[in-house]
Amino acid sequence: MVVKVIEAKEDKITTADLIADIKKSTKIDYSGAIFTFEGIVRGKEENMNLQKLILSTPDKQKTQEEIEKIVENAKIKYNVHEISVIHYVGEFYTGDMLFLVAVLGAHRSETLDALKEVIETVKYEVEFKKEEISNEGTKTILAGG
């Protein structure tokens, strides 16, 4: 399991990196599914053309610990083998990676359900501040916390 909150300007871990790592699990022989998610920066919204996005969290260590708890709960609830999460913070542009999740499980159904739960729980329960900067101004969105 890998769970990290990383500054955008630091090391880049990709979805392929997460898959390669998760395949090293001792449970790989008992696994039949890997599902991944790569959340990226959307450049256009209704009435907005994004110039850049700034994503921050007040306490990276606390945020990482909260994500670790979400991962552990999902592993138990859905009986999957491994879940890895990378969440970037910092300055981003259209198409940049923000949030990566990889789940290894025995069967596709519970593996996909675990993936969905991690994505939605992190999105709505972990404290992030997103500033969308465009020609139309700056829009601030607070989540979680």
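No experiment lies behind these values; they were computed from the predicted model shown. (Residues numbered from 1 in each chain as written. Predicted model: local features only at pLDDT ≥ 70, side-chain atom pairs only at ≥ 80, totals over all residues. Heavy atoms only, no water.)

## What about the confidence of the model for the protein?
- The pLDDT averaged across the protein works out to 94; a share of 99% of its residues lies at or above 70.
- Looking at the elements of the protein, mean pLDDT is at its lowest for strand β3 (residues 44-45), recorded as 84, and at its highest for strand β2 (residues 33-40), recorded as 98. (pLDDT = per-residue confidence, 0-100. Helix = DSSP H or I, 4+ residues; strand = E, 2+ residues; numbered from the N terminus.)

## Considerations on the nonpolar core
- Counting 40 residues, the largest nonpolar core has Ile 83 and Val 101 as the members making the most contacts within it.
- When contributions to this core are tallied by element, the ones reaching two or more residues are β1 (3-7), α1 (15-22), β4 (48-56), α2 (60-78), β5 (82-92), β6 (97-105) and α3 (108-125).
- When residues in this core are grouped by element, the largest group, 8 residues, is from β6.
- With residues up to four places along the chain from it excluded, the contact list for Ile 83 reads Met 1, Val 2, Ile 22, Val 71, Ala 74, Lys 75, Val 101, Ala 102, Val 103, Ala 114 and Val 118. (Core = buried A, V, L, I, M, F, W, Y, C linked by side-chain atoms within 4.5 Å. Buried < 20%, exposed > 50% of the residue type's maximum accessible area, 1.4 Å probe, protein only. Contact = heavy atoms within 4.5 Å.)

## So, the pairing of β6
- The buried fraction of β6 amounts to 9 of the 9 residues, a majority that puts the element mostly inside the structure.
- Inspection of the sheet shows β2 paired to β6 by 8 bridges, in the antiparallel sense. Each bridged residue has a counterpart across the sheet, and for Ile 34 the counterpart in β6 is Leu 104.
- Sheet topology places β5 next to β6; 6 bridges connect them, and they run antiparallel. For Ile 83, the partnering residue across the bridge sits in β6 and is Val 103.
- The turn linking β5 back onto β6 is made up of 4 residues, and Gly 95 within it adopts a positive phi angle of 90°. (Pairing = 2+ DSSP bridges.)

## Quick notes on the pattern of salt bridges
- This model, assessed by the stated rule, comprises 6 salt bridges.
- The closest approach of N and O atoms between Glu 7 and Lys 60, which form a salt bridge, is 3.8 Å. With Glu 7 in strand β1 and Lys 60 in helix α2, this residue pair connects regions lying 53 residues apart in the sequence.
- Between Lys 77 and Glu 117 there is a salt bridge; the shortest N-O distance is 3.0 Å. Pair noted here: Lys 77 is in helix α2 and Glu 117 is in helix α3, with a separation of 40 residues, a long-range link.
- Judged by its relative accessible area of 54%, Lys 77 falls in the exposed class.
- Linked through salt bridges whose partners overlap, the residues forming this network are Glu 7, Lys 9 and Lys 60. (Salt bridge = Lys/Arg side-chain N within 4 Å of Asp/Glu carboxyl O.)

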